[in-house]
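Here are the chains, one letter per residue:
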Amino acid sequence: MRNGTAITEFILLGFPGIQGLQTPLFIMIFLIYILTLAGNGLILAIVWAEPRLQSPMYFFLCNLSFLEIWYTTTVIPKLLETFVVVRTVICIPCCLLQAFFHFFLGTTEFLILTVMSFDRYLAICKPLRYPTIMTSNLCLQLALSSWVVGFTIVFCQTMLLIQLPFCGNNVINHFYCDVGPILKAACADTSILELLGVLATVLVIPGSLLFTMISYVYILSTILRIPSATGRQKAFSTCASHLTVVSLLYGAVLFMYLRPTAHSSFKINKVVSVLNTILTPLLNPFIYTIRNKEVKGALRKAMTSLKTGHAK
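What comes next concerns the included structure.

The rules behind the values
- What you see as residue numbers is a count from 1 along each chain, following the sequence as written.
- Predicted model: local features are reported for residues with pLDDT of at least 70 only, side-chain atom pairs are reported and counted for 80 or more only, and whole-chain, interface and lining totals are derived from all residues.
- Values reported for side chains reflect all heavy atoms of the structure, with hydrogen atoms and water molecules removed beforehand.
- Two rings from Phe, Tyr or Trp (for Trp, the six-membered ring) form a pair when their centres sit within 6.5 Å of each other. Planes less than 30 degrees apart are called stacked, planes more than 60 degrees apart edge-to-face, and all others tilted.
- A run of DSSP states H or I qualifies as a helix once it reaches four residues; a run of E qualifies as a strand once it reaches two. Both are numbered from the N-terminal end.
- Accessible area is worked out with a 1.4 Å probe on protein chains only. A residue is then buried under 20% of its type maximum, exposed over 50%, and partly exposed in between.
- At least two bridges found by DSSP between two strands are what make those strands a pair.

What follows is about the packing of aromatic side chains. Using the criterion set out here, one finds 19 aromatic pairs in the structure. A ring pair is formed by F10 and F166, whose centres lie 5.8 Å apart and whose planes are at 80°; its orientation type is edge-to-face. Separated by 156 residues along the polypeptide, F10 in strand β1 (residues 9–12) and F166 in the loop between α6 (136–161) and β3 (171–172) bring together distant segments of the chain. Geometrically, the ring pair formed by F104 and W147 is edge-to-face, given 6.0 Å between the ring centres and 65° between the ring planes. Taken as a pair, F104 in helix α4 (residues 92–125) and W147 in helix α6 lie far apart in primary sequence, 43 residues in all. With relative accessibility at 18%, the residue W147 sits in the buried group. Following the ring pairs from residue to residue traces out a cluster consisting of F66, W70, F100, F101, F104, W147, F151 and F155.

With that settled, consider the pairing of β1. Sheet topology note: the β1/strand β2 (residues 88–91) ladder contains 4 bridges and is antiparallel. Residue pairing across strands places F10 opposite I90, the latter belonging to β2. As defined by bridge partners, β1 adjoins β3 across 2 bridges and the pair is classed as parallel. Bridged to I11 within β3 is V171.

Next up, the structure:
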């Protein structure tokens, strides 16, 4: 136990030292948030409305889009507040709740992307058996398992976290409630929580990355054995969007966690966190639609229906 005055709130610093840029940054991030909600919401609406998109790949994409909507919503509103108020305060229960949802949804995103890589593996490497293996029941079980595992991993740690007394420094040098600064403010031994955090990180990030890499080794080897160039291009196009999203997400995370401590900069980590929490959810709808003929066809069909409805 450490001696000190008990604290009841945390202060989020956000991005200090940006005097004069608060208003343009507020407007830019607010517009990104609106576009993220609109883009991911549009994917949900299109897949739900278009029978041709009722397939496992788009079912998992809907899970990802639904997740991204809430993932950004846990962070961006409070981030916007740091641009308009001098002192951004968040109560301890609210801070712990934000941390829970941020890491729960972040963990689930890794698991959903891993499931999507397994789906692409079956579709390309086992095309004849794919319809009988990837049934609607299996899709539901895989998606539900991703959500349940993500929830369980983070919930167990959060239950231990909320029992800690806090009496240390209540300033969090971030734009959301990160676990590291929260643990530093605790007045009790946090070694068990830190160990659990390391184990969860190793299990989720390298574990899911290894599974995804193995899936893509088999996918690429299968694509290279396709005799026609058109066939290879068509096969690769079905997983190019997923591979792009995976590269963005894991690239940012590995950049933060694998750099030597001596060369690490917390400012750089915050910028990379912006990529994960703000830009990646914005880019996902565009990445999955820009080269996807089925989604673009469904969009054109929806636009035509809207124009026809207005004309009547």
